[in-house]
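So you can see what is in the structure, the chains are spelled out below.
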Amino acid sequence: MNSPLRTFILGTRGSHLALIQAEYIRDRLTACGPCKIEIKVIHTRGDRETSLPFNRMTGQGFFTKELEAALLAGEIDLAVHSGKDLETTRPDGLHLAAVPQRADRRDMIVARDPGYESGLRWGLAEGAIVGSSSARRIAQLSFYRPDLRIKALRGNVPTRVEKLRAGEYDAIVLAVAGVRRLNLSLEELQVVELSDHEFIPAPAQGALAVETRVADREVTELVRLIDDTASREMVEAERAVLKKVGGGCQLPLGVCADRRGESIALAAFLGARENSPSEKPRRVCVAAGSITGAVDAVVGTLTRPVNADSSSAFCRRRFVITRPAEQVTGISATVVAAGGELICYPALQVVAAGDADQQQRALAGLPGYDWLFFSSGNGIRMFFAVLNPEGKPQEIANRVAVMGPGSAAVFAELAGRAPDFVPAVSTGEGFAQEFITRHGRPGARILFPTTAERRGELERTLQEAGMVIEPLVVYNTVQPETGPVWDGRADAVILTSPKAARHFLAMAAIPAGAGVVSIGPSTTDYLIKRGVSPVNEALTHDLAGVLEALYVHFG
């Protein structure tokens, strides 16, 4: 005679999203074999205290303590949490039995039309009122867009969206995973999904965590059937950073982990804490052969004290940068004035390239293009050299998109006006996706002055969205036959593009013990793949950001 099936009690919070997550776990478990699971709602402190913003609440475990207490008391057999709510230390007798396959970990901006401005970062109008009570989101919003007005926002996801629709906010920030799990309609609202490299998510965001009693082997063995090893590994790496830095919801910390071949790559952002307004926001990207190695390297950088006197960061220090002297006059003057030395080691030689007849035909037909695209300052300089060999500023009537603030400055210098579109994240993928979201129009004609060695991802992405992109080769970059005279000593090496990094590593070596500073995510990604770690990435992808990264690293 068969024994009756045991009924497992699954504990969850009572919000609509929490119930959807609990039902998902129930259905996954019942699909693994015969079992009965009942859902029990348990109200937590975070559910009850809805008037106080998260970053004002004291203590920890706002959404988990009552569930864990019920587990320990035997009132429930397993508990389902949002991974980002779970404390980094388990109560005695409980353990994390499963992390199912992770959903999208990114954040999104959701805005009303009055708060939306397509030409500005994230599509947010200047001075827009943005709703969030997350210390991490507030820190990143305020750093990149200090003009924004942040207003506390509580309530479940549908309530937050209704507050936005009612005009209490111009925009709000939500987790992509939550919106998708709810299948929530955002009709008539503007949505910008944020790159997780630019706007770093909370540790374990997008993941669910299933907690059980250590002594209850039956339920633990059942729950482990839905554990996803890859998701658990990355979630544990992110949570390890949170635990070592020390803090919970009140900590302005973002961490995202990825496996790159045999290495673990970690990117982290730590903003200034409310009680330490003089703290400098910092960002670091690391690759290591183990989770422990990556976590230790990230935490060491994030928690290193920064001297309030910026001159101490540069005094008697020597930095090497992969650009010619005429492109780095501002950063050079700052370093030298503080008693440091900046050595220019150009790793790229820019040469004219392309078919002259094709170039002239493109210039003659310039009014017929809806947009001009530039992915680098070199592309802008060489296009203007073709457009006007005399080197005078030239007016461009077309709408212009450029990738990165440094390139935007080059265009403004040569054209006498600002470009019409600069993406928030300086990668080809970010450039294309954000442009499609804000300005994508099937059939739009785009002229793309570029290099002979372009990779083509940006073009393909735009073409798949129905746009007509016409590449125009105007230059190429080659490795100089010989590098400048340099004795190989430096406190830091500053790498200003993926190709500059590639050529530098072929021509020279990063000195032992030297810091590495990357100008942006594409360069960082290349370095991480080459095994260069840790990398201090500029928070703003220009020379001003490089200077700030040096200050944080050496201050």
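Residues numbered from 1 in each chain as written. Predicted model: local features only at pLDDT ≥ 70, side-chain atom pairs only at ≥ 80, totals over all residues. Heavy atoms only, no water.

Caption draft 1: Spatial organisation of the overall build of the protein chain. Along its length, the protein chain carries 19 helices and 23 strands. For 555 residues, the compact-globule estimate of 2.2 N^0.38 gives 24 Å, and the C-alpha radius of gyration of the protein chain, at 26 Å, lies within 12% of that figure. Projected onto the principal axes, the alpha-carbon positions of the protein chain cover approximately 90 × 55 × 45 Å. Taking all 555 residues of the protein chain together, 53% fall into the buried category. The contacts in the protein chain between residues at least 6 apart in sequence include a share of 66% that link residues at least 24 apart. One finds the centroid of the 62 positive side-chain charges in the protein chain at a distance of 3 Å from the centroid of its 64 negative side-chain charges. (Helix = DSSP H or I, 4+ residues; strand = E, 2+ residues; numbered from the N terminus. Rg over C-alpha atoms; globule rule 2.2 N^0.38 Å. Buried < 20%, exposed > 50% of the residue type's maximum accessible area, 1.4 Å probe, protein only. Contact = heavy atoms within 4.5 Å. Lys, Arg positive; Asp, Glu negative; His and termini not counted. Charge placed at Lys NZ, Arg CZ, Asp CG, Glu CD.)

Caption draft 2: Summary view of the nonpolar core. Among the nonpolar cores identified, the biggest contains 23 residues, and Ile109, Trp122, Leu124, Val130 and Leu141 are the most heavily contacted of them. Those elements that provide at least two residues to this core are strand E5 (107-111), helix H4 (135-144), strand E8 (171-175) and strand E12 (263-270). The contact partners of Val130, leaving out residues within four places of it in the chain, are Leu124, Leu141, Leu148, Arg149, Ile150, Lys151, Tyr169, Ala171 and Val173. With 22 residues, the next largest nonpolar core counts Ile380, Ile396, Val410 and Ala415 among its residues. (Core = buried A, V, L, I, M, F, W, Y, C linked by side-chain atoms within 4.5 Å.)

Caption draft 3: Structural detail: the packing of aromatic side chains. Per the counting criterion, the structure on display carries 17 aromatic pairs. With a centroid separation of 6.0 Å and an interplanar angle of 80 degrees, the aromatic rings of Trp122 and Tyr144 are classed as edge-to-face. With Trp122 in the loop between E5 and strand E6 (129-131) and Tyr144 in helix H4, this pair connects stretches of sequence that are 22 residues apart. Positioned over the ring face of Tyr169 is Lys151, at 4.8 Å from the centre of the ring. Directly above the ring of Tyr369 sits Arg445, whose terminal nitrogen or CZ lies 4.2 Å from the centroid. (Phe/Tyr/Trp six-rings, centres within 6.5 Å; stacked < 30°, edge-to-face > 60°. Lys NZ or Arg CZ within 6 Å of the ring centre and 35° of its normal.)

Caption draft 4: Main features of the pattern of salt bridges. Per the counting criterion, the structure on display carries 36 salt bridges. The partner of Arg232 in a salt bridge is Asp227, with the nearest N and O atoms 3.1 Å apart. For Arg232, a relative accessible area of 16% translates into the label buried. Residue Asp227 is classed as partly exposed on the basis of its relative accessible area, which comes to 25%. (Salt bridge = Lys/Arg side-chain N within 4 Å of Asp/Glu carboxyl O.)

Caption draft 5: Local environment of the sheet that holds strand E18 (residues 399-402). Strand order across the open sheet formed by 5 strands is E16-E20-E19-E17-E18, with mixed pairing between neighbours. Taken across any chain shown, the strands that pair with only one partner, and hence form the sheet edges, are strand E16 (349-352) and E18. Neighbour-to-neighbour, the strand axes of this sheet turn through a mean angle of 30 degrees, independent of strand direction. As judged from the 7 bridges shared by strand E19 (residues 445-451) and strand E20 (residues 468-478), these two strands associate in the parallel manner. Opposite Thr450, over in E20, you have Val473 as the bridge partner. The strands that helix H12 (residues 356-364) touches are E19 and E20; relative to E20, the one it contacts most, it runs at about 135 degrees. (Pairing = 2+ DSSP bridges. Axes fitted to C-alpha atoms, helices over the stretch in contact; angles between N-to-C directions.)

Caption draft 6: Main features of unusual backbone geometry. Going from Ser533 to Pro534, the amide bond is cis rather than trans, its omega being -5 degrees. With respect to the element layout, Pro534 can be found in the loop between helix H18 (521-529) and strand E23 (535-537). Positive phi, normally seen in glycine, also occurs at Trp122, with a value near 65 degrees. Under the relative-accessibility criterion, Trp122 is labelled buried at 1%. Residue Glu188 is not a glycine yet carries a positive backbone phi of 70 degrees. Tracing the sequence through the fold places Glu188 in the loop between helix H6 (176-182) and strand E9 (190-193).

Caption draft 7: The packing of helix H17 (residues 498-507) against H18, seen in detail. Contact geometry of H17 with H18 gives a least axis separation of 8 Å together with a crossing angle of 35 degrees. From H17, Pro498, Ala501, Arg502 and Leu505 reach across to H18, where they touch Ser522, Thr523, Tyr526 and Leu527. By residue class, the composition of the contact of H17 with H18 is 5 nonpolar, 2 polar and 1 charged. (Nonpolar A, V, L, I, M, F, W, Y, C, P; charged D, E, K, R; others polar.)

Caption draft 8: Local environment of the pairing of strand E21 (residues 492-495). Both faces of E21 are covered, namely the face carrying Ala492 and Ile494 and the face carrying Val493 and Leu495. The pairing of strand E14 (residues 318-321) with E21 spans 3 bridges and is classified as parallel. Looking at E21, one finds that Phe319 is bridged to Ala492. Pairing analysis gives 4 bridges linking E21 to strand E22 (residues 515-518), with the strands arranged parallel. Bridge assignment links Ala492 to a residue of E22, and that residue is Gly515.

Caption draft 9: Here's a closer look at the state of the cysteines. This model, assessed by the stated rule, comprises 0 disulfides. Cys285 takes part in no disulfide bond, and the closest cysteine sulfur to it belongs to Cys256, at a distance of 7.8 Å. Cysteine Cys315 shares no disulfide, and the gap to the nearest cysteine sulfur, in Cys344, comes to 20 Å. (Disulfide = S-S within 2.5 Å.)

Caption draft 10: Spotlight on the side chain of Thr12. Position of Thr12 among the secondary structure elements: in strand E1 (residues 7-12). Judged by its relative accessible area of 1%, Thr12 falls in the buried class. With residues near it in sequence (within four places) discarded, Thr12 still touches Ala18, Leu19, Ala22, Ile39, Lys40, Val41, Ile42, Leu67 and Val80.

Caption draft 11: Representation of the confidence of the model for the protein chain in the model. The share of residues in the protein chain with pLDDT of 70 or more is 93%, and the mean pLDDT across the chain is 87. When the elements of the protein chain are averaged for pLDDT, helix H2 (residues 45-48) gives the smallest value, 64, and E8 the largest, 97. (pLDDT = per-residue confidence, 0-100.)

Caption draft 12: Up close: the environment of Val552. Position of Val552 among the secondary structure elements: in helix H19 (residues 543-554). Considering only alpha carbons, one finds Val552 and Gly365, 187 residues apart in sequence, at a separation of 48 Å. Ignoring anything within four residues of it in the chain, the contact list for Val552 reads Lys280, Pro281, Arg282 and Val306.

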